[in-house]
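Structural overview for review
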Amino acid sequence: MAAGYLDILRARHAARLLTGTLVGRLPNGTASIAIVLFVRAEGGSYSVAGALAAVYGLATAVGQPLLGRAVDLYGQPRVQLPAAVVSALGMALLAVAGTGSPALAYAAVAVAGLFTPPLEGGLRALWPSVLGGEDRVHRAYAMDAVAQEVMFTAGPLLVTLLVALWSPATALLVINAIGVLGALSVVLSEPSRAWRSAPREAHWLGALRSPGLLALLGSFFFVGLALGSITVAAMAYADDQGRESVYGWLMAALGLGALIGGAVYGARQWAGAPERRLRVIVGLLALGYLPLVLTPGPVAMTVLAAVSGVFLAPAVACSFIVVDRHAPRGTVTEAFSWLVTTFGVGAAVGTAVAGPAVELGGTAWSFGVAGAGGVAALLVLLATGPVLTVPARTAVAARGSENDRNGAVEPGFSSGHQA
């Protein structure tokens, strides 16, 4: 298992790009917990905290595909670093101004979300040029998903540590300053500066003209909804237990479970179409969310949180390949940014719904939102099976184009057609 990942990390620029992307994404990956803790410290309610987090998520959802398309058109450095700086300034404004002026607080998180740099899509666009072979690229997708879970495991703990040592406002400032440094590391690298998107067909819908991609995005909206609701539900559970630290442990356990699942998933080659495999993985993911409504004691709940996360990273890694197979040529960063967008919209809806669910029906209801989201994600994949069966893209990637992600396809397939 480790040998395959080490082979990727030994490739020139790979470790720097992965680390820089993870560090650059830290503000986005911890925004929900940071905003919730900040609002609660300011005396705000769960509904206010959920609403601010939802605005951030929705703004991110709007900004990601727009910035992703800009990256495809103008390159990474011109877009990623300026966006990271503006996003950090938005969060800094929230930390300094507080929630005394609701309009200013909402504007601050909206700016921070809107200008969140599309580092995820950017990294996946770089893997083919850095790694070459399709097997290594697919393993990198899995490693990418696993590494994200390291961030989601360590990120909440880092935020809670900063809050414990200083304050929620300090946590917001420090996390976003670190994020800018991560983006800077990526855009100064040789692969990022040299990368150019493949030629694209002019179309106002861009990547969204693919029915298969739309089906995938519909499913991952509900996966995002499940995770967004867990963010608020876990905080309510921690309040029920009278220990704020429980929140960090639950979120860390969720990330740890995903880390383990992703590491195991990426260690082997998988036969068959990834679309069919994704349906199975999402079904298992939904099954893992359902027991959370039991809300047992902290130790048992931490175990359930870890179990519920086991199939998250495999689902994300498999979705990367599905996006790759269905995205129209030349929409590399935009297509992956749409996945981030849909996930973010779902998470925003989840946080917005879970807050009132806590106040109306208690903590178990908010965890029930997560279970319902997982089931809905599976139903979407089952209902859209026909459009996901065969990749819609028929364009053949240009030979020798190392920067064209669409040249990396699932083993047994070539340029979007079954061999």
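In this text, all values refer to a predicted model and were calculated from it rather than measured experimentally. (Residues numbered from 1 in each chain as written. Predicted model: local features only at pLDDT ≥ 70, side-chain atom pairs only at ≥ 80, totals over all residues. Heavy atoms only, no water.)

**As for unusual backbone geometry**
A positive phi angle, near 80°, is found at histidine 13, a position not held by glycine. On the secondary structure map, histidine 13 appears in the loop between helix H1 (2-9) and helix H2 (14-24). Non-glycine residue threonine 295 carries a positive phi angle of around 40°. Checked against the element boundaries, threonine 295 lands in the loop between helix H14 (274-289) and helix H15 (298-309). A relative accessible area of 26% means that threonine 295 is categorised as partly exposed. (Helix = DSSP H or I, 4+ residues; strand = E, 2+ residues; numbered from the N terminus. Buried < 20%, exposed > 50% of the residue type's maximum accessible area, 1.4 Å probe, protein only.)

**Some details on the nonpolar core**
Among soluble globular proteins, nonpolar side chains are generally buried collectively. Formed by 110 residues in total, the largest nonpolar core has its most connected members in Trp127 and Leu278. No other element matches helix H12 (residues 211-241), which puts 14 residues into this core. For leucine 278, the residues in contact, after removing those within four places along its chain, are Leu216, Phe220, Ala315, Cys318, Ser319, Val322 and Leu381. (Core = buried A, V, L, I, M, F, W, Y, C linked by side-chain atoms within 4.5 Å. Contact = heavy atoms within 4.5 Å.)

**Quick look at the packing of aromatic side chains**
Aromatic ring pairs are described here by two measures, namely the spacing of the ring centres and the angle between the planes. This model, assessed by the stated rule, comprises six aromatic pairs. When the centroid spacing of 6.4 Å and the interplanar angle of 35° are considered together, the rings of phenylalanine 220 and phenylalanine 343 count as tilted. Here phenylalanine 220, found in helix H12, pairs with phenylalanine 343, found in helix H17 (residues 332-361); they are 123 residues apart in sequence, far enough to count as distant. On the basis of relative accessible area, phenylalanine 220 is assigned to the buried category, the value being 1%. (Phe/Tyr/Trp six-rings, centres within 6.5 Å; stacked < 30°, edge-to-face > 60°.)

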